[in-house]
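Observations on the three-dimensional arrangement
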Amino acid sequence: MNEALDQGRSQEQIEQPALKNTRFLWLKNQKNLNSEQHETMLKLLLLVEVLSNLI
């Protein structure tokens, strides 16, 4: 699962620079996110939702 997520993230970060350096954020348990990480994750999830609607 981690390898598939990493491959997908690697391909997408080329098209979406906002995804760069987010690997461990995606893998981290949401309960353990600090406030900055939580805010970043919310922005990333919104970006993913917008991108998925474009496809």
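The sections below set out a description of the structure shown in this document. Just so we're clear, the structure is a prediction, and the values are computed from it rather than from any experiment.

Considering the overall build of the chain
When you go through the chain residue by residue, the secondary structure sums to 3 helices and 0 strands. Based on the C-alpha atoms only, the size of the chain along its principal axes is roughly 30 × 25 × 15 Å. For the chain, with 55 residues in total, the buried portion stands at 15%. Residue pairs in contact within the chain that sit at least 24 positions apart in sequence constitute 23% of those at least 6 positions apart.

So, the pattern of salt bridges
When the charged atoms of two side chains with opposite charge come close together, those side chains can pair. Under the counting rule described, the total for this entry stands at 1 salt bridge. The residue Glu39 makes a salt bridge to Lys43 at a minimum N-O spacing of 3.4 Å. Here Glu39 and its partner Lys43 are both found in helix α3 (residues 35–54), 4 residues apart, which amounts to about one turn of the helix. What makes Lys43 exposed here is its relative accessible area of 56%.

Let's talk about the environment of Gly8
In this structure, Gly8 sits in helix α1 (residues 2–15). Overall, Gly8 belongs to the partly exposed group, its relative accessible area being 30%. Sequence-wise, Gly8 and Met41 are 33 residues apart; in three dimensions their C-alpha atoms are separated by 17 Å.

Describing α3
In this model α3 runs 29 Å from its N-terminal to its C-terminal C-alpha over 20 residues, within 8% of the 28 Å that 1.5 Å per residue would give. What α3 keeps buried is the set Met41, Leu44 and Leu51. Summarising the axial view, the buried residues of α3 lie within an arc of 90°, below the 170-degree limit, and thus occupy one face. With respect to the buried face of α3, the exposed residues turned more than 90 degrees away are Ser35, Lys43, Leu46 and Asn53. The secondary structure elements touched by the buried residues of α3 are α2 (23–27). Measuring from the side-chain oxygen of the N-cap residue of α3 to the backbone nitrogen of Glu36 gives 3.0 Å; that N-cap residue is Asn34.

Cut-offs and rules
- Residues numbered from 1 in each chain as written.
- Predicted model: local features only at pLDDT ≥ 70, side-chain atom pairs only at ≥ 80, totals over all residues.
- Heavy atoms only, no water.
- Helix = DSSP H or I, 4+ residues; strand = E, 2+ residues; numbered from the N terminus.
- Buried < 20%, exposed > 50% of the residue type's maximum accessible area, 1.4 Å probe, protein only.
- Contact = heavy atoms within 4.5 Å.
- Salt bridge = Lys/Arg side-chain N within 4 Å of Asp/Glu carboxyl O.
- Expected span 1.5 Å × (residues − 1).
- Arc of directions from axis to C-beta.
- Polar contact = N/O pair within 3.5 Å; in protein donor to acceptor, adjacent residues only side chain to side chain.

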